[in-house]
Amino acid sequence: MEIRSKASLKDICCLAISLVLQNKVHFPGSPGYTASLGSYASLQEIAVQPRCIVTPQSTHDVSTAVRILSTTTLAGSSRGCQFAIRSGGHGTFAGYANIEGGVTLDLSGLNSITVQTSSSPDAAPIVSVGTGAHWGAVYSTLDPLNLSVNGGRAASVGVGGLTLGGGLSFFGPRYGWTCDTVTNFEVVLFDGRVVNANSNSNSDLLWALRGGTNNFGVVTRIDLQSFPQGNLWGGQEVHTMDALDAQMSFLASFSDPATYDEYSSLITSFAYNNPATGGPAISVIVNQIEYTQPVANPPAFQPLTEGLPPPLFSTQRITNLTDITTEVANGNPNGVLRQFSATLTIQAQLDAINATVQAWNNSVPSVSHIPGLIWTVVMDPLPPQLYSQHSDSGTANALGISSARTRNESLMIVQLYASWPTPSSGNAEEFDDVVDLAARNLIADIETTTRALGALDRFVYANYAAPWQNVFASYGPAVVEKLRGIRRRYDPAGVFTKMVPGGFKF
């Protein structure tokens, strides 16, 4: 649709959609616009000002919006409308799921959760989830049914973004990545067509969406295989740094694939906090411990719970998944802090773990002057029980990690995460460059040290990556070439590469 007008293309794009979707298009100053912006996780994303925000309530609405966005141009120009796709809005950096001066598709209205009827009495049902739903809503629906899905670990995280980036779950050692347990994606393609990607139809697109992020279309519904699940044992334990040596030794031994208990899940954070109130800075170790059976203090965790000094506090209890994931989410509330994330992957061996923690500790002075800063290195065990779960079953994903690893190699995803309040000076971006530079230096330091130990892995996890990290190169050249071929088939115009700048591209 070519339009002759003195208005800018950005205005025309929003007006063209509003003529059709009417009150589902929100402009600056309106309640819908303000509410959508305010629901992002990071203050950086909240500060991004799109020309309009579209809040579709159905797949048909998304199809209409994408068709208009991909075909609207001004006379004499071949450019279409620049737009962003937002699921839960949990990305940390500006422009990840929002767009300055463009059109943001806020999928939060696509939040239905449907438990389908099982094909047989012995089969666990498929759960169909709109990509605008949050994992907390999914679990609160499934917990009363004694069912669950292999989903996110924080209630506030959106279903769509986590799944398309791979997805880590408390159930990962039993079921793999979140994306591995998707049986079907409903997808709006570049021209507004709606297709399903599953093992029987568009199976190449199913594979590509398992880790290929937002490069192929707008995913509007995800069908997940459920499984029986009751209560579990979990919570947080916080230790002083006096437990450091014992903690690192436990991380290495816990990750041993020969003895890994597939019902166990652990996230260990080494955190520095410079209180905004001006009190003394502290460093602590936080263990997020889950055992996905109602068994208190199982043998897999006893070296941690009984071998370390008593914790400063512990929230360990037997409860349901809704409660556990809500606790995780409450530790990082949406919309109140500036945030930063970067990542790399190492082998889960003691010398590499030690080198990573030492590099983090050495980096603290470079950021210790920032009031309210939390500067954390997070370690996420990645045993072969998780990443090789589906490598031989014909349901492999696009992450490029299974085929390049042996079954006896345990890995560790390392996330550098930082958060800090808006500076008292009123200059919101005052410390952004300081944090970014310190993060780049820390990641480079860890890479150099662990490479020398033969313990640096190439994998870069999309859901933790910084905008300057090359996610798809870490999947390997063969995977990237295959992804490009699939993109040519489903998005020959390159709409989701050229017109959707947010996220990671290949």
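What you see is a predicted model; the values in this text were computed from it and never measured.

Calculation rules
Residues numbered from 1 in each chain as written. Predicted model: local features only at pLDDT ≥ 70, side-chain atom pairs only at ≥ 80, totals over all residues. Heavy atoms only, no water. Helix = DSSP H or I, 4+ residues; strand = E, 2+ residues; numbered from the N terminus. Rg over C-alpha atoms; globule rule 2.2 N^0.38 Å. Buried < 20%, exposed > 50% of the residue type's maximum accessible area, 1.4 Å probe, protein only. Contact = heavy atoms within 4.5 Å. Areas by Shrake-Rupley, 256 points an atom, 1.4 Å probe, with all protein chains shown as cover. Lys, Arg positive; Asp, Glu negative; His and termini not counted. Charge placed at Lys NZ, Arg CZ, Asp CG, Glu CD. Phe/Tyr/Trp six-rings, centres within 6.5 Å; stacked < 30°, edge-to-face > 60°. Lys NZ or Arg CZ within 6 Å of the ring centre and 35° of its normal. Disulfide = S-S within 2.5 Å. Polar contact = N/O pair within 3.5 Å; in protein donor to acceptor, adjacent residues only side chain to side chain.

Peer 1: An account of the overall build of the protein chain is requested, with residue identities and associated values reported.
Peer 2: A count of helical and extended segments in the protein chain gives 16 helices and 22 strands. Against the 2.2 N^0.38 benchmark of 23 Å for 506 residues, the protein chain shows a C-alpha radius of gyration of 22 Å, consistent with a compact globule. Taken along the three principal axes of its C-alpha coordinates, the protein chain extends 70 × 60 × 45 Å. When the 506 residues of the protein chain are sorted by exposure, 58% land in the buried category. A separation of at least 24 residues holds for 75% of the contacts in the protein chain among residues at least 6 apart in sequence. On the protein chain, roughly 19,000 Å² of surface is accessible, and the fraction owed to carbon and sulfur atoms is 53%. Of the side chains in the protein chain, 27 bear a positive and 37 a negative charge, and the two mean positions are spaced by 14 Å.

Peer 1: I'd love a proper account of the packing of aromatic side chains, names of residues and values included.
Peer 2: All chains considered together, the criterion is met by 22 aromatic pairs. A ring pair is formed by Phe 93 and Phe 504, whose centres lie 6.1 Å apart and whose planes are at 75°; its orientation type is edge-to-face. Here Phe 93, found in the loop between strand S5 (83-86) and strand S6 (103-106), pairs with Phe 504, found in the segment after helix H16 (495-499); they are 411 residues apart in sequence, far enough to count as distant. Here the two residues Phe 93 and Phe 504 agree in accessibility, since each one is buried. Here the aromatic rings of Tyr 175 and Phe 227 are separated by 4.1 Å at their centres, their planes lie at 15°, and the arrangement is stacked. Separated by 52 residues along the polypeptide, Tyr 175 in helix H7 (residues 172-175) and Phe 227 in strand S13 (residues 227-228) bring together distant segments of the chain. Counting every residue linked through ring pairs, the aromatic cluster contains Trp 177, Phe 216, Phe 459, Tyr 461, Tyr 464, Phe 472, Tyr 475 and Phe 506. When the ring centre of Tyr 40 is taken as reference, the NZ or CZ atom of Arg 86 above it lies at 4.2 Å. Its guanidinium or amino end placed over the ring of Trp 207, Lys 482 lies 4.0 Å from that ring's centre, counting from NZ or CZ.

Peer 1: Could you give me a rundown of the state of the cysteines, with the residues and numbers involved?
Peer 2: Disulfides are covalent bonds that connect the sulfur atoms of two cysteines. Counted by the stated rule, this structure contains 2 disulfides. Covalent S-S linkage joins Cys 14 and Cys 52, the inter-sulfur distance amounting to 2.1 Å. Its S-S torsion of approximately -95° makes the covalent link between Cys 14 and Cys 52 left-handed. Within this pair, whereas Cys 14 is found in helix H1 (residues 9-21), its partner Cys 52 is found in strand S3 (residues 52-54), the two being separated by 38 residues in sequence. Each member of the pair Cys 14 and Cys 52 is classed as buried. Cysteine pairing in the protein chain follows 1-4, 2-3, where each cysteine in a disulfide is numbered by its order in the sequence.

Peer 1: Can you lay out helix H11 (residues 321-330) for me, pointing to particular residues and giving the numbers?
Peer 2: Those residues of H11 not exposed but buried are Leu 321, Thr 322, Ile 324, Thr 325, Glu 327 and Ala 329. Structurally, H11 contributes buried residues whose contacts are with helix H5 (135-142), strand S9 (147-148), strand S14 (232-240), strand S16 (282-291) and strand S18 (317-319). Two or three places before Thr 322, at the opening of H11, Asn 320 has a side-chain oxygen 3.3 Å from that residue's backbone nitrogen.

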